[in-house]
Amino acid sequence: MNIAVAGKGGTGKTTFTSLLTRTLIKNGETPILAVDADANANLNEALGMDIYTTITKLLNDFKEMKGRPPGGMDKASYVEYQLKSSIVEEKDVDLLVMGGPTGPGCYCYPNDLLKGFLSDLSDNYPYVLLDNEAGLEHLSRRTTQDIDILFVISDASARGIRSAGRVKDIVEDIKLNIDQLYLIITKAPDNVTEALGDEIEKTGLEMAGTIPHDPKVAEYDLHGNPLVELPDDSLAVKAVEEIVGKTILAD
Ligand SMILES: Nc1ncnc2c1ncn2[C@@H]1O[C@H](COP(=O)(O)OP(=O)(O)O)[C@@H](O)[C@H]1O
Ligand SMILES: [Mg+2]
């Protein structure tokens, strides 16, 4: 299953992605490939993992490389080898970080290799989770295959919900193949679905649920602790478990 998370910056995408990871691990739905597709990568911190390089860095290095790769390797095997070694591996989760945008010039060759690599790689995991940035830059470059579920994350405001509705427009404009689209409202007060009912309806997005403001999330982020380590009684953890049960794990 390819699951993508999108929405404006600061809405709670990375928080949701890490708690989604936590829920899947708890249900034995592993191994998971987590892909940080935000230019300002920080999913690794929420997952408590150390990163060493990004795909963008590798593509840049490769583009600047003159002559033959070391060790008598051909170029394709060399790029593949580098891409493979950029994956951070842990027991249940492997992490790949896309990094910032690539520079000017043609990246077609390494991008094509990257595409092939990602599509082969994702075959090894029952779940691939993509933490995206607002403009769906990574998805629009088509480095990822079809998406089974896209969760659009919004804060609890009318403007936020309208912005989530525009993510749906982007998806349609760039003709992404997405099976199911859901809206999630984060840091949400109790009455949010009533208060924002009209706005939600206008987006045409189906609500997957709400995640309340959770003081424990704030506390963990304040101290830089990984969110995957939040306790079972955390409000956000419970809300995400409910959402996952109704969507990904529903049958
Ligand atoms: N349910 C929540 N309760 C409290 N704070 C939250 C919650 N979700 C996110 N936050 C806070 O909001 C900020 C942005 O969250 P983050 O997940 O990094 O957003 P994004 O990845 O969309 O930019 C962080 O400071 C985080 O602690
Ligand atoms: Mg983020």
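Note that this is a predicted model, so its numbers are computed, not measured.

1. Thoughts on the overall build of the protein
Piece 1. Across its full length, the protein holds 11 helices and 8 strands.
Piece 2. Split into buried and exposed, the 251 residues of the protein put 48% on the buried side.
Piece 3. Within the protein, counting contacts between residues at least 6 apart in sequence, those at least 24 apart form 78% of the total.
Piece 4. A total accessible area of about 12,100 Å² is found for the protein, and carbon and sulfur atoms account for 47% of it.
Piece 5. Separation between the mean location of the 24 positive side-chain charges and that of the 41 negative ones in the protein comes to 6 Å.

2. Quick notes on the site of ligand 1
Piece 1. For ligand 1, the set of nearby residues contains 15 residues, the closest of which are Gly10, Thr14, Thr15, Asp214 and Asp221.
Piece 2. Measuring from an oxygen atom of ligand 1, one finds a side-chain N or O atom of Thr15 at 2.6 Å.
Piece 3. Alone, ligand 1 offers 560 Å² of accessible surface; in the complex the protein occludes 80% of this.
Piece 4. According to the grid-proximity analysis, the pocket containing ligand 1 is the largest pocket.

3. Describing the packing of aromatic side chains
To describe a pair of aromatic rings, one takes the distance between the centres and the angle between the planes.
Piece 1. Counted by the stated rule, this structure contains 2 aromatic pairs.
Piece 2. When the ring of Phe16 is compared with that of Phe151, the centres are 5.1 Å apart and the planes differ by 70°; the resulting orientation is edge-to-face. Taken as a pair, Phe16 in helix H1 (residues 13-26) and Phe151 in strand E6 (residues 147-155) lie far apart in primary sequence, 135 residues in all.
Piece 3. Seen from their ring centres, Phe151 and Tyr182 are 5.8 Å apart, and the 25° between their planes marks the pair as stacked. Placement of the pair is Phe151 in strand E6 and Tyr182 in strand E7 (residues 178-188), with a sequence separation of 31 residues.
Piece 4. One aromatic cluster in this structure is built from Phe16, Phe151 and Tyr182.

4. Focus on helix H3 (residues 55-64)
Piece 1. Those residues of H3 that fall on the buried side of the exposure criterion are Ile55, Thr56, Leu58, Leu59 and Phe62. Down the axis of H3, the sector holding all buried residues measures 160°, keeping them to one side.
Piece 2. Buried-residue contacts for H3 involve helix H4 (75-85), strand E4 (93-97) and helix H5 (108-122).

5. So, the sheet that holds strand E2 (residues 32-37)
The strands making up a sheet are joined through hydrogen bonds of the backbone, oriented either antiparallel or parallel.
Piece 1. The sheet built from 8 strands is open, its strands ordered E3-E4-E2-E5-E1-E6-E7-E8 with mixed pairing. Looking at which strands have only one partner, the edges of the open sheet turn out to be strand E3 (88-89) and strand E8 (206-212).
Piece 2. Taken together, the 5 bridges between E2 and E4 define a ladder with parallel strand orientation. Directly across from Val35, in E4, lies its bridge partner Leu96.
Piece 3. Each of E6, E7 and E8 is contacted by helix H11 (residues 235-246), which is oriented at about 165° to E8, the strand it contacts most.

6. Here's the deal with the nonpolar core
Piece 1. Judged by nonpolar contacts, the single largest core of 40 residues is most densely connected at Leu114, Leu121 and Leu150.
Piece 2. Counting 28 residues, the second largest nonpolar core, distinct from the first, contains Tyr182, Leu230, Val237 and Val244.

7. A look at the packing of H3 against H4
Piece 1. Where H3 contacts H4, the axes come no closer than 10 Å and their chain directions differ by 155°. The pairing of H3 with H4 is recorded here as roughly antiparallel in orientation. Crossing geometry of H3 relative to H4 is assigned as right-handed. Across the interface between the two elements, Ile55, Leu58 and Phe62 of H3 pack against Lys75, Tyr78, Val79, Gln82 and Leu83 of H4.
Piece 2. The class makeup of the residues in the contact of H3 with H4 is 6 nonpolar, 1 polar and 1 charged.

Criteria and thresholds
Residues numbered from 1 in each chain as written. Chains lettered and ligands numbered in written order. Predicted model: local features only at pLDDT ≥ 70, side-chain atom pairs only at ≥ 80, totals over all residues. Heavy atoms only, no water. Helix = DSSP H or I, 4+ residues; strand = E, 2+ residues; numbered from the N terminus. Buried < 20%, exposed > 50% of the residue type's maximum accessible area, 1.4 Å probe, protein only. Contact = heavy atoms within 4.5 Å. Areas by Shrake-Rupley, 256 points an atom, 1.4 Å probe, with all protein chains shown as cover. Lys, Arg positive; Asp, Glu negative; His and termini not counted. Charge placed at Lys NZ, Arg CZ, Asp CG, Glu CD. Near = heavy atom within 4 Å. Polar contact = N/O pair within 3.5 Å; in protein donor to acceptor, adjacent residues only side chain to side chain. 1 Å grid on protein atoms, 1.4 Å probe; cavity = no way out; pocket = protein on both sides within 12 Å on 5 of 7 lines; lining within 4 Å. Sits in = over half its atoms within 2 Å of the grid points. Phe/Tyr/Trp six-rings, centres within 6.5 Å; stacked < 30°, edge-to-face > 60°. Arc of directions from axis to C-beta. Pairing = 2+ DSSP bridges. Axes fitted to C-alpha atoms, helices over the stretch in contact; angles between N-to-C directions. Core = buried A, V, L, I, M, F, W, Y, C linked by side-chain atoms within 4.5 Å. Parallel < 35°, antiparallel > 145°, perpendicular 65-115°, else oblique. Left-handed = near helix turned anticlockwise from the far one by under 90°. Nonpolar A, V, L, I, M, F, W, Y, C, P; charged D, E, K, R; others polar.

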